[in-house]
Amino acid sequence: MLRTRDRARRAGTLAALVVASGCLVAVPSARADDGPPSDAELLAKCNNGTRKCLFHPAGDRSVFPGTAHQVGASVYNCTEDPQSSARTWEDTTGESNSMGVSLRQEFERKFPFGPVFKLAFEESYRHTWSSSHTESQTTVLNVPAGEVGWVTRAPKLQKAAGTYELIFKDRFRGHRYWYVPFEATGPADDETSVKTQHTRAMTDAERGMYCG
């Protein structure tokens, strides 16, 4: 009984012995890193163990408006006359991508696939890829009596998708060629965001808070 337990215990941690052509052949037990690598693990190897790392854009660059959101503080007109009030604001548009990492310059050493994407994007579409864009402005709000006013900004965004092709010097997890799909959205290089002024009647709660 003890011998049987010992044999079962060894089977989970040591190589199994298989009889092949009258010989004993060692068969390695399965390891966690025998499976396919994750996309993040592959892209971390870009120009960091590969012979070539390329990004192949697919389709056209798309440009579209981002979600409008308030910038700057609201203006509450507690008087009985229309009022004009200046509000200075600053707003930054960032990027997002399927890997959930920034492609900004300070991250390029840690994520070397960033420069590869930017170069391929700019060569293919003749547009610059920016990881962030900051806009600042002073807006004069015209607010009727008893109302609240605010400004919204909708940034102009660009999106690109494609595939990374990684060619390894030696086989990596059994293959020399690996492919990783990738999509990124960021501020358009020729960004002309849409700024809109809004007004509405103050609520009783707002009137009590700001006009008391």
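Right above here is the structure, for reference.
Criteria and thresholds
- Residues numbered from 1 in each chain as written.
- Predicted model: local features only at pLDDT ≥ 70, side-chain atom pairs only at ≥ 80, totals over all residues.
- Heavy atoms only, no water.
- Pairing = 2+ DSSP bridges.
- Helix = DSSP H or I, 4+ residues; strand = E, 2+ residues; numbered from the N terminus.
- Contact = heavy atoms within 4.5 Å.
- Axes fitted to C-alpha atoms, helices over the stretch in contact; angles between N-to-C directions.
- Buried < 20%, exposed > 50% of the residue type's maximum accessible area, 1.4 Å probe, protein only.
- Salt bridge = Lys/Arg side-chain N within 4 Å of Asp/Glu carboxyl O.

A.B. asks: What's the story with the sheet that holds strand 6 (residues 96-97) in this structure? I'm lost.
C.D. replies: Within a sheet, each strand pairs with its neighbour through backbone hydrogen bonds, oriented either parallel or antiparallel. Here four strands make up an open sheet; going across it, the order is 3-9-10-6 and the pairing antiparallel. Edge positions in the sheet fall to strand 3 (50-65) and strand 6, since each has one partner strand and no second. Across twelve bridges, the pairing between strand 3 and strand 9 (residues 156-172) is antiparallel. What sits directly across from valine 63, in strand 9, is glutamine 158. Contacts from helix 3 (residues 113-125) reach strand 3, strand 9 and strand 10 (175-187) within the one sheet, and its direction differs from that of strand 3 by about 55°.

A.B. asks: Can you help me understand unusual backbone geometry in this one?
C.D. replies: Leaving glycine aside, a negative phi is the common case for residues, and trans is the common case for peptide bonds. The backbone of arginine 126 sits at a positive phi, close to 55°, despite the residue not being glycine. With respect to the helices, strands and loops of the structure, arginine 126 is situated in the loop between helix 3 and strand 7 (133-143). A positive phi is found at arginine 173, a non-glycine position, where the angle reads about 55°. Note that arginine 173 resides in the loop between strand 9 and strand 10. Overall, arginine 173 belongs to the partly exposed group, its relative accessible area being 27%.

A.B. asks: How do you make sense of the pattern of salt bridges when you look at a structure like this?
C.D. replies: Side chains carrying opposite charge are able to pair once their charged atoms draw close together. One pass over the structure, following the stated rule, counts six salt bridges. Note that aspartate 189 and arginine 61 form a salt bridge whose closest N and O atoms lie 3.7 Å from each other. With aspartate 189 in the loop between strand 10 and strand 11 (194-201) and arginine 61 in strand 3, this residue pair connects regions lying 128 residues apart in the sequence. The partner of aspartate 91 in a salt bridge is arginine 153, with the nearest N and O atoms 2.6 Å apart. With aspartate 91 in strand 5 (residues 83-93) and arginine 153 in strand 8 (residues 147-154), the pair connects residues that are 62 residues apart, well separated along the chain. When sorted by exposure, aspartate 91 lands in the same class as arginine 153, which is buried. Linked by salt bridges that have partners in common, Asp91, Glu135, Arg153 and Lys195 make up one network.

This is a description of form; function is not addressed.
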